[in-house]
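Structure at a glance
Each chain, written out:
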Amino acid sequence: MPSRRTVLALGAAGSVGLSLGPGLGPATTASARTRSGPPPVPGGTVTDHGSPMSSLTVVEGAFGLLPDGRIAAYAPAQGENSALNVSTVTDPAEQVGQYAMTGAGGGPTIVVAADQTVYVGTYNSGHLFRWDPATEQMTDVGTPTERSTFLYGLSAAPDGTVYGGTFPDAHAWSYHPDRGFTDLGRVSTTEAVQYAKSTAYDPDRHALYVGTRPVAELWKLDLASGEFTRLSPAAPFTGNELSDLDYAEGHVFACNTRQLRVFDAATDTEVDVIDAATGQLTRAYSITGRGASEARAGRIWFSTAGPEGTVLGHYDLATRVATATRHRTVAGSLIGYHWTTEDDHDVMYGFAGNYGAGAMRYDLQADTAKVYKFALSPAPSPLGNIVVSPDGSSVMINAFLNGNGVRRDVATGEITPIARLGQVEDWTWVDDPAGGDSIAYAGVYPSGSLKAYRPDQPTGDTNPRTLVELKAEPNAQIRPHDVQLHDGLLWAASEPDYGQRGGALTSVVPADGEATVTRPVVPDHTMAAFTFLDDRMFAGSSRNGGTGTTPVEGSAALVEFDPDARTVIRSVAPVDGARSVNAMLVHDGRLLGLADTTIFEVDLTSFEVTRTFPLPGVSGATGPGSGDLVIHPNGYLYAQAQGALFAVDPLSLQVAANLMSRVNRAPLSADGSLWTLLRPDGFSEPLHHAQFVPDSDTEPDNRWLVRIRDIVTPVANRFVETGVTLADLLAELFPAKGPTGTEAEVSTVLAELVATGVITPDERLELSRAARRAR
């Protein structure tokens, strides 16, 4: 532990010289200070450790023909400035090329047009890219609507027109090289719908089918008249989306919450799906991955859940029977299909798996299949979360969307893979109270899972271990924004599923996974953060609902929550109009919180907001989970908000400094450093991890009130120099053991503090009285 010793000595003119110890800079004198407010907060050193991992995340793949006739496999990888990977089925181990899509954050959707031109719809900027296999040129052709940021569900017509959907305005659109973009209008009349998530073009009727999210609806657009018609399923759709649509031989195939739904395009009515295994009609036949193949031999093909893993399945258009074959896809669910003829046999190629470049080849007549891998290039992973080990020797980093992770040894810099947990919304890494290896508890999207993972033990069936999944009704929680262990229970504050409102506070017994869920806590609000003071629990809300909803009016709330009775005791809006209360901690009996970009203080006796402090240079509403708050041993408050890291004087709540920009997360390590995820200049996602080490390593007394030995005075504590508080100065005169300063020394010091404006005359009297009592 760093030490600080302030040596007090009488100066020649009766002033007090303050000689600051190691780490606090040169000696100064109290009489030399001019009080224009609290002293500055400490700075620090930033070390950018670069990209900790790369990954291959392919949401959808496609196949087409190269000019020389080879069947090409196309895969737009997720990642900053993502690229289109090109391989061939004849030589899958060799990559033909990789073509950058500058500015794209990933390619969730791809289609090959009739002329073999490849189109990719991208994230973040909502642009459509076109790759010409003849010239090998990649072209950014722009965005279809003014508001679109994500493009989804590409499909193609025989004349070369490409269709797709947008987020967040839920429009359908078309693109043709000769005509450019045509905005086909908003798909749904349901206000909550933000995604036109999937499309399928019907060439027989010149119609476009569109599936939506976060309310699962199926719409048909007559492209000649421009009229939208909503189709009614035979039984209600489940979940919140139609993730994929395909058209084949007069049928539309919809993937609804991984369930196969089939519609007759001539009548726009749902038709039967009969499970071959049971002979029964079902609306819940498993379809995994991305959509279905074109028809071959009177059937369409897709991946489905088998008893021992994912297998190839098919649906017979004449008999309406869905069948699971014996052929394992092995590498995962199918995300792209292509039928061809080889040696008079019908052969299907498919992408298999989002993360492993998997592929399969299926021979229909021989009824044989084999699996292999394509040569696809990983990209630097967009990073979502970082956590520090209890002893500070390691950090673990989780990739956004992809869900892979790595562990960094702080001393050596060595980086090693860890178990794939999924996309971690929040986590905590703690010592095992039973004395075993440390445990990381993680909250994972989109299943709303709470998992226990022991990084020092081998990965296996029980490591990581899923304690509970909160996605299913009636809980319907998918984003655990705050995960903490308290008094033997694992707690989580969470956001509801797409299109829903009402977040939850959940407690779980780690030993057996027994969960208690309270929903709602604040009506229509997500629960974003919480903290404890002994057996008292305080939780912060967000006006946000699940993705696809509009924030409700009013202000984010701070509530005191009874963890036993599971009821709200009292509530306050700490910052008028704030969107989210994203972080909280209790310091010396008072609560400090972060509402959007404002620090607030709450008296926990009266439950009233006593002070607020807007962080300088940042503003605007923030979503749940978008901020961190920690008290450092050096006495300062560190806040991460709106992509910036601040040091704040917690005693005055008047002084702050922006230490870093383009950052996300700020867990505190046992060695005093803060770890964060860094967005390199020119990029839109965090790709690097970085370490911030404060300049000040003192450990001042930063309690709210000045104490002289065991006497608590009514005088508010404050920093008198960077890293030195008023309480520290008086502690030098009144050490816990040994002789105290003389009355003359105390009087001189207090007089000097009054003269320099550090304390008022009334505060001098209070401190003098306490000093006399402490002798």
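The preceding data block contains the structure.
Heads up: these notes are all about the structure in this document. In this text, all values refer to a predicted model and were calculated from it rather than measured experimentally.

1. Details of the side chain of Asp 497
Summarising the element assignment, Asp 497 is placed in the loop between strand S44 (489-496) and strand S45 (504-509). Setting aside residues no more than four positions away along its own chain, Asp 497 makes contact with Asn 240, Lys 471, Ala 476, Gln 477, Ile 478 and Gly 546.

2. Overview of the packing of helix H1 (residues 726-733) against helix H2 (residues 743-755)
Running from N to C, H1 and H2 cross one another at 165°; their axes reach a closest spacing of 10 Å. The angle between H1 and H2 falls in the class roughly antiparallel. Seen along the crossing, H1 lies across H2 with a hand that is right-handed. Two secondary-structure elements touch here, H1 through Leu 726, Leu 729, Leu 730 and Leu 733 and H2 through Glu 745, Val 746, Val 749, Leu 750 and Leu 753. Residues of the contact of H1 with H2, tallied by class, amount to eight nonpolar, no polar and one charged.

3. Details of the pairing of strand S9 (residues 95-100)
Alignment of strand S8 (residues 83-88) against S9, held across five bridges, turns out to be antiparallel. Each residue of the ladder has a partner; that of Ala 83, found in S9, is Ala 100. Hairpin geometry of S8 and S9 is characterised by an intervening segment of six residues between the two adjacent antiparallel strands.

4. Re the sheet that holds strand S48 (residues 536-542)
Spatially, four strands are ordered S47-S48-S49-S50 in an open sheet, and the strand pairing comes out antiparallel. Each edge of the open sheet is held by one strand with a lone partner, namely strand S47 (526-533) and strand S50 (567-572). Between one strand and the next, the sheet's axes are offset by a mean angle of 30°, whatever the strand orientation. Pairing of strand S49 (residues 558-562) with S50, which is carried by five bridges, proceeds in the antiparallel orientation. Its bridge partner being in S50, Glu 560 is matched across the sheet by Arg 570.

Conventions adopted
Residues numbered from 1 in each chain as written. Predicted model: local features only at pLDDT ≥ 70, side-chain atom pairs only at ≥ 80, totals over all residues. Heavy atoms only, no water. Helix = DSSP H or I, 4+ residues; strand = E, 2+ residues; numbered from the N terminus. Contact = heavy atoms within 4.5 Å. Axes fitted to C-alpha atoms, helices over the stretch in contact; angles between N-to-C directions. Parallel < 35°, antiparallel > 145°, perpendicular 65-115°, else oblique. Left-handed = near helix turned anticlockwise from the far one by under 90°. Nonpolar A, V, L, I, M, F, W, Y, C, P; charged D, E, K, R; others polar. Pairing = 2+ DSSP bridges.

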